[in-house]
Amino acid sequence: MKNLFLWFMLATISLSQAQTKLSYTFTVSKKNIEKNHVIISDDFGPSIKKRSNYTWQKHGPGYHYKIRLKPHKVIIRYTGKAKQMERRIKALRKRILR
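Residues numbered from 1 in each chain as written. Predicted model: local features only at pLDDT ≥ 70, side-chain atom pairs only at ≥ 80, totals over all residues. Heavy atoms only, no water.

Asks: Give a detailed account of the pairing of strand β4 (residues 63-69), specifying residues and quantitative values.
Replies: The two faces of β4 differ: Y63, Y65, I67 and L69 on one face are buried, but H64, K66 and R68 on the other face are not. As defined by bridge partners, strand β3 (residues 53-60) adjoins β4 across seven bridges and the pair is classed as antiparallel. Looking at β4, one finds that Y54 is bridged to L69. Count of turn residues in the β3/β4 antiparallel hairpin: two residues, of which G62 carries a positive phi of about 90 degrees. Sheet topology places β4 next to strand β5 (residues 73-80); seven bridges connect them, and they run antiparallel. From the neighbouring strand, I67 faces β5, where its bridge partner is I76. The turn joining β4 and β5, which pair antiparallel and follow one another in sequence, is formed by three residues. (Buried < 20%, exposed > 50% of the residue type's maximum accessible area, 1.4 Å probe, protein only. Helix = DSSP H or I, 4+ residues; strand = E, 2+ residues; numbered from the N terminus. Pairing = 2+ DSSP bridges.)

Written as structure tokens, this is what we have:
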């Protein structure tokens, strides 16, 4: 009976409610750091600067993202189920200069 109930619950969960996890890491040249900072700031607002790193992060309704721009790397992490934010993250991935 318990297994039947669990199977029923799993069958009723729609795929649209499943969370998506995206994680991208890119190496970038030092000459493109400021250009990438401007590209990311246009889409995601002002950054927080710690030493030589820039960070953008937000906990929204149903999603969380964190973008870190380091001297030689860009790290993008996204978890959530907001399709619009997922599209913005994927578009940003394509616009980053390497």
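Asks: Kindly report on the packing of aromatic side chains, identifying the contributing residues and their values.
Replies: Considering all chains together, one arrives at four aromatic pairs under this definition. Arranged with centres 6.1 Å apart and planes meeting at 10 degrees, the rings of Y24 and F26 form a pair that is stacked. When the centroid spacing of 6.3 Å and the interplanar angle of 5 degrees are considered together, the rings of Y63 and Y65 count as stacked. Linked through ring pairs, F44, Y63 and Y65 together constitute an aromatic cluster. For R88, the ring lying beneath its charged end belongs to F44, and the centroid distance is 4.7 Å. In this structure, R98 is placed above the aromatic ring of F26, and the distance from its NZ or CZ to the ring centre is 4.1 Å. (Phe/Tyr/Trp six-rings, centres within 6.5 Å; stacked < 30°, edge-to-face > 60°. Lys NZ or Arg CZ within 6 Å of the ring centre and 35° of its normal.)

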